[in-house]
Structure formats: C-alpha cells, structure tokens
Amino acid sequence: MTFSVQAAVAGRGFDVSLAVGPAETVAVMGANGAGKSTLLNVIAGLLHPDSGTALLDGRTLFDLTAGRGEWTAPHRRGTALLAQEPLLFPHLSVLENVAFGPRSAGASKPAARESALRWLAEVEATELQSRRPAGLSGGQAQRVAVARALAADPGLLLLDEPMAALDIHAAPLLRRLLKRVLAGRRAIIITHDVLDALFLADRVVILENGRISEEGPTRDILQRPRSRFAAGLAGLNFVAGHLTEHGLRSGALNLYGHHDVAAPLPTGRPGVAVFPPSAVSVFLTEAHGSPRNSFAVTITDLEPHGDGIRVRAGEGGQLSADITPAASVDLGLAPGMQVYFVIKAGAVAIYPG
Ligand SMILES: Nc1ncnc2c1ncn2[C@@H]1O[C@H](COP(=O)(O)OP(=O)(O)OP(=O)(O)O)[C@@H](O)[C@H]1O
C-alpha cells in the first residue's frame, strides 16, 4: 500500500519526488508559483509530466521512464481531487452528486445511494440531499464536495486549498470536518495556512521554485526552519550563511547565538540563524556590550503588528523587529532611516542549514 511520485516538468522548472504513507496527510506549502498545483495536477492526471513515474497501491499512474509511456486516465487513478471551488454537477441533486463516484465505479443504484447517504451524514449534510448545488451556501457546497470525493473511496485524496474560497465562519467547520475524515486516510493538502498544516497534516513539504526545499513533521519545521519560507511561516527572522566557530557569517554580517549541537559548529558549512522579531531591539546608535549582536540596517517599512509596531529592515524588508508604539515614537522611526538592530546572542538559534 504505497504512493510515490517522481515527476519533472521542464517548462516549469519542476522536479519533485514524494512518497506518502497509507494513513498519512502531507501538507504542501510554498510561495505563489512554487509548483504546488503542478504537483497535484500531475498526480491527478490533469498534467502530463515530461518524465517520471507514479504508483498508487500497486497501480501505475504513469511511467514515463526511457522507452515507456504508460499513462492511466484521471478517472481510473483511484485519486480524488477537492478543489477550492466545489465544482458540483449543477443539474444533479446533492445526493446524485455524491452517488456519482460509486455509480461510475460500477456500484448498483441502491448501493451507490446508500454510500452517498453515509457520506452525507459524515459531513453533516443529510438534510441537503434533495437540493440542487445552486441552492447551497459556499460552506455547504464544499461539505458536499468532500462527501463526493470520499464516496469514491480514493486511495489518495488531493485537496487544493479547500478552505480558500470559504468565509471565516464556514472555514473552521470544514477544517474540523477534514480533521475527522482525514484521520487514517492518505491525503495531500495544498495550503497557505500554517494552522491547516499543524492541525490537519502529519508532515509538511515546502516547495520552492519547483523543488522540495524542506520536509518533515510540521512542528519540527516550524521550530527549526531551514528555508526562508518555513521561517516566515513560523514568524521568525531567518539569515542564511556559513557557520563560524562562534556563530554564522552572512556577507558582512556576523551573528552570535546558541546551538544545541554538543560539538563545535562545523565551521565553513552552510548554516542558518533564526530569531523572533520580539527579541530584536532598535537603537539609533551602535550598542556595545556582550553577548549581543548589533548591526546597522535601513528601515523599509513600519506596520502595526498586534499591540505593537513591526519594523522591517534590510534588503526586501527581510528582517523584522517588534517594538512598542511608544518606543517607535521616542526613536522617531521612519522608512529610509538607518538604525541598529540589537539581538541578545541567547535569542539567536544557529544550526547547520
Ligand atoms: N498552464 C501553465 N502553463 C505554463 N506554465 C505554468 C502553467 N501553470 C503554471 N505554470 C508555471 O509553473 C510554475 C508552477 O506553478 P504552480 O501553479 O504549480 O504554482 P503554485 O505553487 O500552485 O502557485 P499558486 O500558489 O499561485 O497557486 C510557475 O512558474 C508557473 O508560472
């Protein structure tokens, strides 16, 4: 009972290899254009990769290794895709929509109806069974779409930002529902929401420029991010560079911090430093005294953040400091100003990248 895919799409700079366990939910995250939809479309059979293979529970979804050209049609793959929009058949009732999958797979009419009713109950939509999709709210329609996807008993459920099109009241309900139905099931979910990754997935895969840059249990990735994208999800500042005896060097910047490796850091190896914006103080002059890091930056933006002010600085506003509104006024901060970011070494975590 395995699922594995390896696929390359040259025109999109996409080359990904991924395996998902039988009862595992994997969240796929990444910036716009990172290749998340490409991955789902390749697995679902909506996009033909240039090369690669994919297997699901002993079935070859495609095998495009040299000399072969095996290709299974989307509806025969044992995968079900839940898109951002529910995409229900408008001319069928809710019950008929959900019964469609089992019917297409050869179930008798009564068996398909029974299965559809069971799934409608599971998504708390039994009372909607006679309605047409046009008469449903966005949240109701998405619940019905979940029932339709599951009624086909897919070996792999593919979810493409299922909460994205829902309003803030409908999303939590669907999230709880997904938590329930994904338990013990194999699924891949694309999401931009770190809460979804934490709540729904066992593991997160970060895509950057068509490649997997990082993967692992969601909590681990958030605690020790090794990519700028994952650090952003965790709300941490991120500096990539090379390890030195006491810390990290990145261009002209030397950062000192703590590391939990018993041995000295492997000097010269690529490494990262991460620290929370709340650990960064802002000064108008260089601060001395150890053990702290102090370096000049140019403010790019000031924005409200919770009860305080987030000061963004450096190239592309990549580093942030969270300070109080009073401190911001006292310092007279404004975009374009040069200031010093000061961070206690104890607040900076440094590890091999
Ligand atoms: N139909 C298409 N034809 C050609 N290139 C495409 C097509 N769709 C996407 N691409 C390119 O493939 C790359 C990956 O895009 P993809 O849509 O998979 O990213 P994504 O991570 O899903 O982004 P988003 O979060 O914006 O949906 C991008 O460089 C994109 O420009």
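Residues numbered from 1 in each chain as written. Predicted model: local features only at pLDDT ≥ 70, side-chain atom pairs only at ≥ 80, totals over all residues. Heavy atoms only, no water.

## A short note on the overall build of the protein chain
Definition in use: Numbering of helices and strands starts at the N terminus; helices are DSSP runs of H or I of at least 4 residues and strands are runs of E of at least 2. Per-residue accessibility, obtained with a 1.4 Å probe over protein chains only, is compared with the maximum for each type, and a residue is labelled buried under 20%, exposed over 50%, and partly exposed between these values. Contacts between residues were defined by any pair of non-hydrogen atoms, one from each residue, lying within 4.5 Å. Per-residue and other accessible areas were derived by the Shrake-Rupley procedure at a 1.4 Å probe size, with only the shown protein chains allowed to occlude residues. When charges are tallied, Lys and Arg are placed among the positive residues and Asp and Glu among the negative ones, while His and the ends of the chain are skipped. Every charge is mapped to an atom, namely NZ of Lys, CZ of Arg, CG of Asp or CD of Glu.
Looking only at helices and strands, the protein chain has nine helices and 21 strands in total. The C-alpha extent of the protein chain, read off along each of the three principal axes, is 80 × 50 × 35 Å. Looking at the protein chain as a whole, 47% of its 353 residues qualify as buried. Expressed as a percentage of contacts within the protein chain between residues at least 6 apart in sequence, the contacts between residues at least 24 apart total 66%. Only carbon and sulfur atoms are counted for the fraction: they give 53% of the accessible area of the protein chain, which is about 16800 Å². Looking at the protein chain, you have 32 positive and 32 negative side-chain charges, and the mean spots of the two groups are 6 Å apart.

## A look at the packing of aromatic side chains
Our working rule: Here a pair means two rings of Phe, Tyr or Trp (six-membered ring of Trp) with centres within 6.5 Å. Their orientation is stacked below 30 degrees between planes, edge-to-face above 60, and tilted elsewhere. To sit over a ring, a charge needs its Lys NZ or Arg CZ within 6 Å of the ring centre and within 35 degrees of the ring normal.
Applying the stated criterion to the full structure yields three aromatic pairs. Looking at R77, its charged tip hangs above the ring of W71, at a distance of 4.4 Å from the centre. Positioned over the ring face of F89 is R148, at 5.2 Å from the centre of the ring.

## Here we look at the sheet that holds strand 1 (residues 3–9)
Sheet strands pair by backbone hydrogen bonding; their relative direction is either parallel or antiparallel. Our working definition: Two strands pair if DSSP finds at least two bridges between them. Every axis in this analysis is a line fitted to C-alpha atoms, fitted for helices over the stretch in contact. Angles between the N-to-C directions lie between 0 and 180 degrees.
Spatially, five strands are ordered 2-1-4-5-6 in an open sheet, and the strand pairing comes out antiparallel. With one partner strand each, in any of the chains shown, strand 2 (14–20) and strand 6 (70–71) form the two edges of the open sheet. Examined bridge by bridge, strand 5 (residues 59–63) and strand 6 share two bridges and lie antiparallel to one another. Across the sheet, the residue bridging to F62 is W71, located in strand 6. Sitting on the sheet, helix 1 (residues 36–44) touches strand 1, strand 2 and strand 5, and the angle it makes with strand 1 is about 115 degrees.

## What about the site of the ligand?
For clarity, the threshold we go by: The near set for a molecule or strand comprises every residue that places at least one heavy atom within 4 Å of it. Each polar contact in these results corresponds to two N or O atoms within 3.5 Å; when the atoms are within protein, one needs to be able to donate a hydrogen and the other to accept it, and residues that are neighboring in sequence are counted only if both atoms are side-chain atoms. Residues are grouped as follows: Ala, Val, Leu, Ile, Met, Phe, Trp, Tyr, Cys and Pro are nonpolar; Asp, Glu, Lys and Arg are charged; every other residue, Gly included, is polar.
Around the ligand, the structure places R12, A31, N32, G33, A34, G35, K36, S37, T38 and H192. The side chain of N32 places a nitrogen or oxygen atom 3.1 Å from an oxygen atom of the ligand. In the model, an oxygen atom of the ligand is placed 2.9 Å from a nitrogen or oxygen of the G35 main chain. When the ligand sits alone it has 630 Å² of accessible area, and the protein chains cover 53% of it. Its residues placed into classes, the shell around the ligand shows two nonpolar, six polar and two charged.

## Quick word on the environment of A151
Relative to the elements of secondary structure, A151 occurs in helix 4 (residues 138–151). Accessibility expressed as a relative area gives 9% for A151, which makes it buried. Between the C-alpha atoms of A151 and L120, which are 31 residues apart in sequence, the distance is 9.1 Å. If we skip the residues at most four places from it in the chain, A151 touches V98, P102, S115 and W119.

## Quick look at unusual backbone geometry
Across the chain, the bulk of peptide bonds are trans and the bulk of non-glycine residues have phi less than zero. In this structure, D57 takes a positive phi of about 45 degrees despite not being glycine. Even without being glycine, E124 reaches a positive phi, approximately 55 degrees. One can find E124 in the loop between helix 3 (109–122) and helix 4.

## Some thoughts on the packing of helix 4 against helix 5 (residues 170–182)
Our working rule: Each angle is binned into one of four classes, with values under 35 degrees roughly parallel, values over 145 roughly antiparallel, values of 65 to 115 roughly perpendicular, and all other values oblique. Note: crossing handedness is left-handed where the near helix turns anticlockwise from the far helix by less than a right angle, and right-handed where it turns clockwise.
Two elements in contact, helix 4 and helix 5, have axes whose closest approach is 10 Å; the angle formed by their N-to-C orientations is 15 degrees. Comparing the axis directions of helix 4 and helix 5 gives the class roughly parallel. Seen from above, helix 4 lies across helix 5 with right-handed handedness. Only A170, L173, L174, L177, L178 and V181 of helix 5 make contact with helix 4, whose side of the interface consists of G139, Q142, R143, V146 and L150. Grouping the constituent residues of the contact of helix 4 with helix 5 by class yields eight nonpolar, two polar and one charged.

## Looking at helix 2 (residues 94–104)
Looking at helix 2, one finds that the buried residues are V94, L95, N97, V98, A99, G101 and P102. Residues of helix 2 that are buried make contact with helix 3 and helix 4. Following helix 2 by one or two positions, G106 has its phi on the positive side, about 105 degrees.

## Things to note about the UniProt feature "domain: ABC transporter" (unreviewed entry) in the protein chain
Stated formally: UniProt positions are given in the numbering used here, feature names are shortened, and annotations may be inferred rather than shown by experiment.
Here, the residues flagged by UniProt with the feature "domain: ABC transporter" (unreviewed entry) are residues 5–234. Taken end to end, residues 5–234 has its terminal C-alpha atoms 28 Å apart, with 35% of it in helix and 24% in strand.

## Remarks on the environment of G268
Position of G268 among the secondary structure elements: in the loop between strand 14 (253–256) and strand 15 (270–275). Separated by 152 residues in the primary sequence, G268 and A116 place their C-alpha atoms 60 Å from one another. Residues in contact with G268, not counting those within four places in the same chain, are H242 and L243.

## Comments concerning the nonpolar core
The criterion, for reference: Throughout this description, the term nonpolar core refers to a set of buried Ala, Val, Leu, Ile, Met, Phe, Trp, Tyr and Cys residues connected via side-chain atoms within 4.5 Å.
Core analysis: the biggest nonpolar cluster contains 46 residues, and V98, L120, V144, V146, L157, L159 and L178 have the highest contact counts within it. Take this core: its biggest share by element is eight residues, from helix 4. Ignoring any residue separated from it by four or fewer positions in sequence, one finds L120 in contact with V94, L95, V98, A125, T126, Q129, V144 and A147. L18, V28, L64 and L207 belong to the second largest nonpolar core, which has 28 residues in total.

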